[in-house]
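Architecture at a glance
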Amino acid sequence: MKFTTTTLKDTPLHLISTTQFKSMHLTMRFFADLDEKTATSRHLMLSMLKAKNKQFPSRTLLSRHLESLYDTAFMVNSHKLGTKHINQFSLRFVNPSYTDDTAYMDQVIEVLKSALYEPVFDAKTLKEEKQFLKDYFAAEYSNKNRYAAKRYFDHLYENHPYRVHPYGLVEAIDAITLSDIEAAYKGMLARDTCLVSLSGDFDEALMKAKLEPLIRHQRPPLEKDIFIRHDFPVRPKVTENLEVTQDRLFMTLKTGIHYGDDLYYPLAVMNAMYGETGESKLFANIREKASLAYYVHSAYSPFSGIITVASGMDKTNIARAEAMILDQLKAIQAGDFDETDIQIAKNHLITNLKQSYDNIGSLALKGLRHALFDVPFKENVQLDKIKAVSKADIIAVAGRLEHIFTYVLTGGSQNENHPV
Amino acid sequence: MKTIRYEHLNETIVETTLAGRLKTSYIHKPGFSKTYVALSLPLGATHQGYLDETNAKTITNRGIAHFLEHKVFEKNGTDVSKDFSLKEAQINAFTEHHQTTYLFHATNHLIDNIVRLVDMVFFPEFTTGGIEKEKNIIKEELNMHLDDPYYLQYQATLQAMYHNHPVKDDILGDNDAIASMNIEELRNMHAAYYQPEYAHLVILGAAEPETILKTLKETIRDLPQPTLKKPLPPALDEPETVKNKSTELFLDVMMPSVLIGVKITPHGGEKPLERIKDKFALSLLMDLLLGKSGKHYADLLDRGLINDSFGLEIAYEPDHAYVLIGSETQHPEALKQALLEIFDALKVYEPDNNAFLRQKRQMVGNFLSGLDHLESLSYHFNEYLRDNLYFYDVLEIANTIELSHIKAQTGRIKSEHITTTLVKPKKQTAL
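Residues numbered from 1 in each chain as written. Chains lettered and ligands numbered in written order. Predicted model: local features only at pLDDT ≥ 70, side-chain atom pairs only at ≥ 80, totals over all residues. Heavy atoms only, no water.

**A closer look at the overall build of chain A**
Using the following cut-off: Helix and strand assignments follow DSSP, with helices taken as H or I runs no shorter than four residues and strands as E runs no shorter than two, numbered in order from the N terminus. Throughout, the radius of gyration refers to the C-alpha atoms, and the reference size of a globule is 2.2 Å times the residue count to the power 0.38. Accessible area is worked out with a 1.4 Å probe on protein chains only. A residue is then buried under 20% of its type maximum, exposed over 50%, and partly exposed in between. Residues count as neighbours in contact if any of their non-hydrogen atoms are within 4.5 Å of one another. Per-residue accessibility takes into account occlusion by the displayed protein chains alone, with areas from the Shrake-Rupley method and a 1.4 Å probe. Charged residues are defined narrowly, with Lys and Arg counted positive, Asp and Glu counted negative, and His plus the chain ends left uncounted. Positions of charges follow a simple convention, taking NZ of Lys, CZ of Arg, CG of Asp or CD of Glu.
A count of helices and strands for chain A gives 14 helices and twelve strands. Over its C-alpha trace chain A gives a radius of gyration of 23 Å, about what one expects of a compact globule, namely 22 Å for 420 residues. Along the longest, intermediate and shortest principal axes, the C-alpha atoms of chain A span 65 × 50 × 35 Å. Counting over 420 residues, chain A shows a buried share of 60%. Of the contacts formed within chain A by residues at least 6 apart in sequence, a portion of 81% connects residues at least 24 apart. Counting every atom, chain A has about 16,100 Å² of accessible surface; 51% of that belongs to carbon and sulfur. If you average the places of the 51 positive and of the 52 negative side-chain charges in chain A, the two averages end up 2 Å apart.

As structure tokens, then:
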């Protein structure tokens, strides 16, 4: 696998050439500041760019064209990463060597080029996309795992400057006009920083030439420091009442450690041992030994520095589980774990890292991490850092964790806010 | 060992049999970092029991296939997952209507992990104490699903389609069935279904196939003795018509949704090639009729009756088959009516040849891209092995389908075979 960085008129272009895939993957990411005043219009604008354009002026015509291009998938999504809002375009398509169609490659790139530079912003499409977005937010309520997570993050991120969902605010949808959409579009083209990635089996010089028309003018360089440096305060416990068969429990541990910090790898190993695997302390004790829950896990977000522990169980077991979750952290802080525990945690991270190169979609993400955080594209350095984490490192980093919030969605008693 | 090469796809399979009984296929995938290994057994949620040594039938608890899947991981009180994790492998399993699959992916120690998998699956050591502990865990798994309105809608649709066939029951069973699980029943089901002759080991990875298979043949020599217990074939006394034509569920949701179930008369176990061609033709028909490129989809979108959650799913087994069509919608009654009218009009439906030609190109692309995903490739490879076919031949089979074959499928969809399940909001309680 070969990773080459070059540019298209100063916009970084990552060329990741590798022979094991029969498909290819092209990604374009546009970066702006994450702001609740612009997130909704940015996301709706992105959805409208996907729906149709001057070359393919209806959803049906575009869909038919993609089918005839050997099932090319054209996808868009809005993400947030630290302080940034990202509008992402992706094309997944069959390698041209599997077709006799000489026009095929150019036609695939034309799909993205038309979407970017020949937009059609009309009232009908805006109305449809607004309704889809409202439906998306309404559907969050239906799946109680998803809804419980939403309520947890609503509380945790209250008053946080980066709380806004990358799709925006449901209450802002109705007021968005076509002028807002056009302004968001012009702003994206004029001011957003950009990153282009291509993965698959291809000739680099040839493909670089084919991708040139995707970037029309110079852009500002990518910003590198995008971490959220906002402190998460201790919050009173929140219990909310809803008709659920199974109570949902969330607990927050503040770490203050971000991606790229010296303590990042010790924390990653510690969290894997604590709650990421089937052999983790949380799983082994809360599910296997005590049979309290079907699922219990801890997730570490290196962009906010937060660990979230999540579980679902009968309401009569919640108090006991809360205590056990904190007890397991204290046990790690006291050094109550052995080399087998550490090895299993490291193996989990090592396996995940190695096999992430097997997914063509995730190769572009590696390029993104390289561009933003100087993480090497190849895995060697990261593997060495994982392997080098010692028991003492894990104890030290666990000692920095602080429990700051608990949220319970219960089918039991009344809603209540009460002190931790 | 047998080598099969698909030159135009640049794919190679090498096959052998371990201990003279366990068929093994190795799909060579150079350049991939992980190796993916899957072992499937023909015990699923629709199997209702077993035949003992005298050929007498014993009916077992609902949900036993899924419970057994959980218990196979126990080796005399300890969880064998840990041993996989220590050797850079992540083990998992899932139970479906017709089979249970155990799978791991590993970035090291391949032979060691395969030997462990074979031992885990064929030589169980679960205990009474372990079974009791598992009951509460599976009860919580069931509770988690019972909070999911889409799961409830799906189960209600199966219940409405089927009078007798066990596909209508929850794969996990129910609370009473889970509470009744016992060691003897689990051992008997294991003996009847978990025989190497019924299984197939599929390996996908970058290492040289011949080297790995040679080592496996030398290492895996012991497999369980054949037993006299046998699988119980699923009962086929199921009417063609649906049990109920219409169900309404009032659940704690904000968005209503519609799910249509179209019951299809199954093909039976004979002539698998014909069955697979019919499955493709039916799938192509549904895509032409309701896919994103068609005029019905555009019309439903224009009328505000569907959103981007609209989807289709087909199940096509020898003993049961159905199509599911659904969407979230703010107008459930109108969407239900519109979809029923589309099915009513099938008798005069003429599939469009240009659309069909596009579909052929789409199938090629979809097939090729699928070969990049080891997990789904292993799943599909195993699926067609059950009918003694290779997944790599499927594209050629699909290409033999003609428009007339697609049109012929319209006759298999009748209004008395259709059921609708609407989910409507119970009350607005969002916080």
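**Some details on the overall build of chain B**
In terms of helices and strands, chain B carries 15 helices and 17 strands. Along the three orthogonal principal directions, the C-alpha set of chain B runs to about 65 × 55 × 50 Å. A buried classification covers 58% of the 431 residues belonging to chain B. Taking contacts inside chain B between residues at least 6 apart in sequence as the whole, the part at least 24 apart equals 81%. In the form shown here, chain B has an accessible surface area of approximately 17,300 Å², with 51% of it arising from carbon and sulfur atoms. Here chain B contributes 45 positively and 60 negatively charged side chains, and the mean placements of these two sets differ by 2 Å.

**Looking at unusual backbone geometry**
Backbone geometry at Ala19(B) places phi at a positive 50°, although glycine is not the residue there. Tracing the chain through its elements places Ala19(B) in the loop between strand S2 (11-18) and strand S3 (22-28).

**Structural notes on the nonpolar core**
Defined as follows: Among buried residues, the Ala, Val, Leu, Ile, Met, Phe, Trp, Tyr and Cys ones that are joined through side-chain atoms within 4.5 Å form a nonpolar core.
Judged by nonpolar contacts, the single largest core of 182 residues is most densely connected at Met28(A), Phe89(A), Met270(A), Ile325(B), Phe343(B) and Ile413(B). Residue contributions to this core peak at ten residues, all from helix H9 (residues 272-290) of chain B. Judged by nonpolar contacts, the second largest core, of 53 residues, contains Ala89(B), Ile138(B), Met189(B) and Leu201(B).

**With respect to the pattern of salt bridges**
To keep things clear, this is the line we draw: Salt bridges are defined as contacts in which a side-chain nitrogen from Lys or Arg sits within 4 Å of a carboxyl oxygen from Asp or Glu.
Using the criterion set out here, one finds 53 salt bridges over all chains in the structure. In this structure, the salt-bridge partner of Asp387(B) is Arg275(B), at a minimum N-O distance of 2.8 Å. Taken together, the residues span a long stretch of sequence, with Asp387(B) in the loop between helix H13 (374-385) and helix H14 (394-399) and Arg275(B) in helix H9 at a distance of 112 residues. As far as the burial class goes, Asp387(B) and Arg275(B) line up, both buried. It is possible to trace a salt-bridge network through shared partners that takes in Arg59(A), Lys124(A), Glu128(A), Glu129(A) and Asp302(B).

**Re the sheet that holds strand S4 (residues 73-81) of chain A**
Residues and elements named next belong to chain A. What counts here: A pair of strands counts as paired when DSSP detects no fewer than two bridges linking them. For helices, the fitted line uses only the C-alpha atoms of the stretch in contact; every axis is such a line through C-alpha atoms, and the angle between N-to-C directions lies from 0 to 180 degrees.
Taken together, the six strands give an open sheet; going across it, the order is S1-S2-S6-S3-S5-S4, and neighbouring strands pair in mixed fashion. Taken across any chain shown, the strands that pair with only one partner, and hence form the sheet edges, are strand S1 (2-8) and S4. Shown here is a sheet whose adjacent strand axes are inclined to one another by a mean of 20°, direction ignored. One ladder, built from seven bridges, connects S1 with strand S2 (residues 11-17); its direction is antiparallel. When the sheet's bridge partners are listed, Lys2 is paired in S2 with Ser17. Across the sheet, helix H1 (residues 39-51) lies against strand S3 (23-33), S4 and strand S5 (84-94), angled at about 15° from S5, the strand it touches most.

**What about the pairing of S2(B)?**
All names here are of chain B. Most of S2 is tucked away, with seven of its eight residues classed as buried. One ladder, built from five bridges, connects strand S1 (residues 2-6) with S2; its direction is antiparallel. Within the sheet, the bridge partner assigned to Ile4 lies in S2 and is Ile13. Counted along the chain from S1 to the antiparallel partner S2, the turn is four residues long, and its residue Asn10 has a positive phi close to 55°. Bridge count between S2 and S3: seven bridges; the pairing is antiparallel. For Ile13, the partnering residue across the bridge sits in S3 and is Ile27.

**A look at the interface of chain A and chain B**
For clarity, the cut-off: Two parts placed together each lose some accessible area; with a 1.4 Å probe, that loss summed over both constitutes the buried area. Two N or O atoms count as a polar contact when they lie within 3.5 Å, although within protein this holds only if one can serve as hydrogen donor and the other as acceptor, and sequence-adjacent residues are included solely when both atoms are side-chain atoms.
Taken residue by residue, the interface counts 65 residues in chain A and 64 residues in chain B. Together, the buried faces of chain A and chain B total about 5,800 Å²; carbon and sulfur atoms form 50% of this surface. Among the ionic pairs, Lys124(A) bridges to Asp302(B), the shortest N-O distance being 2.7 Å. The interface formed by chain A and chain B includes 42 residue pairs in polar contact (both at pLDDT 80 or more).

**Section: the side chain of Thr40(A)**
All names here are of chain A. Relative to the helices and strands, Thr40 is located in helix H1. By relative accessible area, Thr40 is classed as buried at 2%. At a separation of 3.1 Å, a polar atom in the side chain of Thr40 contacts the main-chain amide nitrogen of Leu169. Beyond its immediate chain neighbours, meaning those up to four positions away, Thr40 contacts Leu133, Tyr167, Gly168, Leu169, Ala172, Ile173 and Ile176.

**A look at the confidence of the model for chain A**
The line we're drawing: A residue's pLDDT is the confidence the predictor assigns to it, expressed on a 0 to 100 scale.
Of the residues in chain A, 98% reach a pLDDT of 70 or more, and the chain-wide mean stands at 93. Low confidence marks residues 413-420 of chain A, where pLDDT is under 50. Its contacts with residues over four positions away, or in another chain, come to 20 contacts.

**Some points on the sheet that holds strand S6 (residues 57-59) of chain B**
The strand order across the open sheet built from three strands is S6-S5-S12 (chain B), with neighbouring strands paired in antiparallel fashion. Two strands close off the open sheet at either side, each with one partner strand: S6 and strand S12 (230-231) of chain B.

**Here we look at the packing of aromatic side chains**
Residue and element names in this part refer to chain A. Put simply, the test is: We call Phe, Tyr and Trp rings a pair once their centres come within 6.5 Å, taking the six-membered ring for Trp, and we label the pair stacked below 30 degrees between planes, edge-to-face above 60, and tilted otherwise.
For the coordinates displayed, the defined rule picks out 32 aromatic pairs over all chains. Between Tyr152 and Phe250, the ring centres sit 4.8 Å apart and the planes meet at 15°, which makes this aromatic pair stacked. One end of the pair, Tyr152, is in helix H5 (residues 144-156); the other, Phe250, is in strand S8 (residues 247-254), with 98 residues separating them in the sequence. Overall, the relative accessible area of 0% leaves Tyr152 in the buried class. Taken together, a centroid distance of 6.3 Å and an interplanar angle of 50° make the contact between Phe250 and Tyr407 tilted. Here Phe250, found in strand S8, pairs with Tyr407, found in strand S11 (residues 402-410); they are 157 residues apart in sequence, far enough to count as distant. When its relative accessible area of 0% is taken as the criterion, Tyr407 is described as buried.

**A short note on the packing of helix H3 (residues 104-117) of chain A against helix H7 (residues 204-211) of chain A**
Residues and elements named next belong to chain A. Heads up, the rule is: Roughly parallel here means an angle under 35 degrees, roughly antiparallel means over 145, roughly perpendicular means 65 to 115, and every remaining angle is called oblique. Handedness of a crossing follows from how the near helix is turned relative to the far one, being left-handed for an anticlockwise turn of less than a right angle and right-handed for a clockwise one. All amino acids are sorted into three groups, where Ala, Val, Leu, Ile, Met, Phe, Trp, Tyr, Cys and Pro are nonpolar, Asp, Glu, Lys and Arg are charged, and the leftover types, Gly among them, are polar.
Look at H3 against H7: their axes get within 10 Å of each other, and the N-to-C directions meet at 40°. By the angle between their axes, H3 is oblique relative to H7. Remark: the crossing between H3 and H7 carries right-handed chirality. In this structure, H3 uses Met105, Asp106 and Ile109 to contact H7, whose residues at the interface are Met207, Lys210 and Leu211. Across the contact of H3 with H7, the residue classes tally to four nonpolar, no polar and two charged.

**Quick notes on H5(A)**
All names here are of chain A. For clarity, the threshold we go by: The span you would expect from a helix comes to 1.5 Å times its residue count less one.
In this model H5 runs 18 Å from its N-terminal to its C-terminal C-alpha over 13 residues, within 8% of the 18 Å that 1.5 Å per residue would give. All of the buried residues in H5 are Lys144, Tyr147, Ala148, Arg151, Tyr152, His155 and Leu156. One side-chain oxygen of the residue at the start of H5 lies 2.9 Å from the amide nitrogen of Asn145, identifying that residue as Asn143.

**Let's talk about the environment of Met1(B)**
All names here are of chain B. Topologically, Met1 is positioned in the segment before S1. Residues Met1 and Leu213 lie 212 residues apart in sequence; the distance between their C-alpha atoms is 8.5 Å. Apart from residues lying up to four places away in sequence, Met1 is in contact with Val14, Glu15, Thr16, Glu210, Leu213 and Lys214.

**A few points about the pairing of strand S6 (residues 193-200) of chain A**
Residue and element names in this part refer to chain A. Of all eight residues making up S6, eight are buried, and the element is well covered by its neighbours. Of the two faces of S6, the one lined by Thr193, Leu195, Ser197 and Ser199 and the one lined by Cys194, Val196, Leu198 and Gly200 are each fully buried. Bridge count for S2 against S6 is five bridges, and the pairing is parallel. Each bridged residue has a counterpart across the sheet, and for His14 the counterpart in S6 is Ser197. In the sheet, S3 pairs with S6 via seven bridges, with the strands oriented antiparallel. Across the sheet, residue Phe30 finds its bridge partner in S6, namely Cys194.

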